[in-house]
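Fold and geometry: a report
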There are 2 protein chains.
Amino acid sequence: MTTKTPVAEEGLGQEFTKHVITSFGPKTDPRLREVMGSFVQHIHDFAREVNLTVDEWLLGVEMINQAGQMSNERRNEGQLMCDVIGLETAASKNANSGTLTAILGPFWRADTPTRPNGTTISFETPKDGIVSFLHGTITCANTGKPIPNASVEVWQASTNGLYEQQDADQRDCNLRGKFITDDKGRYSFYCLKPTPYPIPEDGPAGKLLRMLDRHFYRPAHLHFMVIADGFKSVTTQIFDSDSEYLGNDTVFAVKDGLTVTFTPRKGDPEANWELEFNMSLATKKQDA
Amino acid sequence: MTTKTPVAEEGLGQEFTKHVITSFGPKTDPRLREVMGSFVQHIHDFAREVNLTVDEWLLGVEMINQAGQMSNERRNEGQLMCDVIGLETAASKNANSGTLTAILGPFWRADTPTRPNGTTISFETPKDGIVSFLHGTITCANTGKPIPNASVEVWQASTNGLYEQQDADQRDCNLRGKFITDDKGRYSFYCLKPTPYPIPEDGPAGKLLRMLDRHFYRPAHLHFMVIADGFKSVTTQIFDSDSEYLGNDTVFAVKDGLTVTFTPRKGDPEANWELEFNMSLATKKQDA
C-alpha cells in the first residue's frame, strides 16, 4: 500500500486542515485564498473542538438545503439563517465616520420607485397603523455640508409584521420608496410608526431559533439605504426607543446610536407623530 | 436614547459574539448549546479575522441557497460543498478499533437490495468496464472471530463517472448491493474495477472548486457500509493504489490504510482482477 496523503490515521488534526488549504491552486484570487483559508481553518477547528458527529453535520447540511429550497426572489432563507446567528451584523462594518450601519436584511428590493418628498409610503394604512412624519438632512461627515441629490431609500413592514412582498394584501411597493434630497440635503415622507414583528418561523432559521429556545422578534425599526455620488453608501436601520426587543433583537442588528425617539406632531392632520433623523456620509476619499 | 444592547459602536468584537451565544435560552439541549456556541464563536472569529465584507458574505449566502435549490432525493449539493472543503471527513471519526472509516458521500441509498454472495452488482457492464471479484471476511476487532450475518453494502460509480441515480442509462440499483456474510463471516461479489471520476461541476461546489483553482476528481474507489448486531457500523471507502488523485482527492476522503491493490485473477471467465478486503468491527461495548 502506498502512502500518498497526509491524513493521519488516528485523527484529523491541523495537518489535515493544512492539506485542504494548500489544495487551493496558484491561480486562486489572493483575497479568496485569504477568506477561504480562514473559513476552512475555523470550520475544521469547530468540528474538532466539539467532536462533531456525522449525524450532527448532516443535520446542518439538511438545514442548508432546506434554506435554499425555500428561497426565491421574495425570500432569502440562507440570509435569515446567517442573521439569527449574528453573521450579517458581523460582516456589516461601519465606515470610519458617518452614520452607523445596520444589516440590509432580506427584504430590500432593487426596483423601489422614487417618490416626491413629503408624500407617503403607506398606501393601505391598516386600522392599527400610526402614521408618522419622518424627515431629516443628509450631510457630509467631513464638512457637515448638506448633500443634495442623495437617494434616501426606506422600507418597513406593516403592522401585521409583513413586508409587501410577503403579503398578498399589500399593493406592490407599499411601505417602501426612494426620496431624493433637495438643494439643502433634506428628505421627508410619511410612513408607519414601526412595530415589532417576528421573522418567518416556517423555515430552518425558525427551526434553529426553536432549538435554541429563542424568540422570533425584531424590535420596531425602519430600514434605510442612502446613496450619493462621491460618498460611501450607508445601509442602516433606526429603532424606536419605545419598542420591546431592543436588547435582544433576534437578528442582532440594534446599535445604541441608531435608537431614536418619535415625538408627538401637532397641526398636521396626516400624522400624530414625527421624527427628525439626520444622516451623514463619509466621503469615499476620507474613508478609504 | 437608551442603551440596551452590548453591540459596540466601534466594531463587533468578542462582546458581540458573547451576546449572540448567551441569547440561547435555558431550554436549549446541552449538546446543541456546545455545538452552536462553538460554531458561532468560530464563524464570528472568521468574519473578524478576514474583515469579511457584506458582498463576500452575500456570495456565500447565494451559494448556500443555490446548493439547496439543486438538491433533491438524487443529489445533495449541500453535502458536496462540505465535502470539497474536507468538512465531512473532519466529522467522520474512526472507531477506536476496527477498519478505518471514510465519508459516506452523497450517493448512498437507503433502499439498496440484498443480493446473494458471489453474484454481480454490474448489470450493464460498459465496454470499458473491467470486472473484478471482490471478497473478504468481516471479523470482530476485539476477538478476531468472524461475524456471520453482517450486512456488507457496496456502491460505486460506472466508468462514465456516474452513479445509477445520476444516470438515466443505468438500471435502478445498478452497481450497488447488500451482501450478508455467511457462517464464516465471508462476503463476495463481482463489481467494476473502480475508475476516477469528476464530481458534478454544475453547482456551487463546482463553482467553488473553479474559484479555488482546483480539479474535480476523485480517485478510483468503492464505498462500503458494514452493519452487524452488537458492533459499531463502519462506513468507509477503498482506494485503488493504481489510481490517479490518491494524494489530492477533491473531497479529501483518502486514508493510507484504505488503499488497496487489485491482483490478476486466473481461471475465472467472469473476472480478470480480484481483491481480498477484510474488515473488522469494534464491539459497541469495547468502543463506547
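Residues numbered from 1 in each chain as written. Chains lettered and ligands numbered in written order. Predicted model: local features only at pLDDT ≥ 70, side-chain atom pairs only at ≥ 80, totals over all residues. Heavy atoms only, no water.

**Some details on the sheet that holds strand β8 (residues 221-227) of chain A**
- The strand order β4-β3-β8-β9-β10 (chain A) describes an open sheet built from 5 strands, whose pairing is mixed. Two strands in the sheet have a free side with no partner beyond their single neighbour: β4 (176-180) and β10 (259-260) of chain A. (Pairing = 2+ DSSP bridges. Helix = DSSP H or I, 4+ residues; strand = E, 2+ residues; numbered from the N terminus.)

**Thoughts on the interface of chain A and chain B**
- The interface of chain A with chain B comprises 80 residues on the first partner and 79 residues on the second.
- Approximately 7500 Å² of surface area, both sides summed, lies buried where chain A meets chain B, with 63% of it carried by carbon and sulfur atoms.
- One can count 2 salt bridges joining chain A with chain B.
- In this structure, the salt-bridge partner of Glu56 of chain B is Arg31 of chain A, at a minimum N-O distance of 2.7 Å.
- Counting every contact that joins chain A to chain B gives 33 residue pairs in polar contact (both at pLDDT 80 or more).
- For the side of chain A that touches chain B, the secondary structure elements donating two or more residues are α1 (14-21), α2 (30-49), α3 (54-70), α4 (77-83), α5 (87-91) and α6 (204-211) of chain A.
- For the side of chain A that touches chain B, the leading source of residues is α2 of chain A, giving 15 residues.
- Within the side of chain A that touches chain B, the residues separate by chemical class into 35 nonpolar, 28 polar and 17 charged. (Contact = heavy atoms within 4.5 Å. Buried area = accessible area lost by both parts, 1.4 Å probe. Salt bridge = Lys/Arg side-chain N within 4 Å of Asp/Glu carboxyl O. Polar contact = N/O pair within 3.5 Å; in protein donor to acceptor, adjacent residues only side chain to side chain. Nonpolar A, V, L, I, M, F, W, Y, C, P; charged D, E, K, R; others polar.)

**A short note on the UniProt feature "domain: Intradiol ring-cleavage dioxygenases" (unreviewed entry) in chain A**
- Under the local residue numbering, the UniProt record ascribes the feature "domain: Intradiol ring-cleavage dioxygenases" (unreviewed entry) to residues 105-281 of chain A.
- Taken end to end, residues 105-281 of chain A has its terminal C-alpha atoms 20 Å apart, with 5% of it in helix and 33% in strand. (UniProt positions renumbered as here; feature names shortened; annotations may be inferred.)

**Some remarks on the packing of aromatic side chains**
- A complete count under the given rule lists 22 aromatic pairs over all chains for this structure.
- Measuring from centroid to centroid gives 4.5 Å for Phe107 of chain A and Tyr163 of chain A, while their planes differ by 15 degrees, and the two rings are stacked. Here the residue Phe107 of chain A occupies a position in the loop between α5 and β1 (119-120), and Tyr163 of chain A occupies one in the loop between β3 (151-155) and β4, the gap between them amounting to 56 residues.
- Aromatic pair Phe133 of chain B and Tyr190 of chain B: ring centres 4.9 Å apart, planes at 50 degrees, arrangement tilted. Here Phe133 of chain B is found in strand β2 (residues 131-140), whereas its partner Tyr190 of chain B is found in strand β5 (residues 186-192), with 57 residues between them in sequence. Tyr190 of chain B shares its class with Phe133 of chain B; the two are buried.
- Through a chain of ring-to-ring contacts, three or more aromatic side chains come together here, namely Phe179, Tyr187, Phe189, Phe224 and Phe277 of chain A.
- A cation over a ring is seen here: Lys193 of chain A above Trp273 of chain A, with NZ or CZ 5.0 Å from the ring centre. (Phe/Tyr/Trp six-rings, centres within 6.5 Å; stacked < 30°, edge-to-face > 60°. Buried < 20%, exposed > 50% of the residue type's maximum accessible area, 1.4 Å probe, protein only. Lys NZ or Arg CZ within 6 Å of the ring centre and 35° of its normal.)

**Comments concerning the pattern of salt bridges**
- What the rule picks out here adds up to 32 salt bridges over all chains.
- Measuring nitrogen to oxygen at the nearest pair gives 2.8 Å for the salt bridge that ties Glu164 of chain A to Arg176 of chain A. Here the residue Glu164 of chain A occupies a position in the loop between β3 and β4, and Arg176 of chain A occupies one in strand β4, the gap between them amounting to 12 residues.
- Of the residues examined, Arg176 of chain A reaches a relative accessible area of 1% and is grouped as buried.
- Here Asp172 of chain B makes a salt bridge to Arg109 of chain B, at a shortest N to O gap of 2.9 Å. Residue Asp172 of chain B is located in the loop between β3 (151-155) and β4 (176-180), and its partner Arg109 of chain B is located in the loop between α5 (87-91) and β1 (119-120); the two are separated by 63 residues in the primary sequence.
- Residue Asp172 of chain B is classed as exposed on the basis of its relative accessible area of 54%.
- Via salt bridges that share partners, Arg109, Asp111, Glu164, Asp172 and Arg176 of chain A belong to a single interconnected network.

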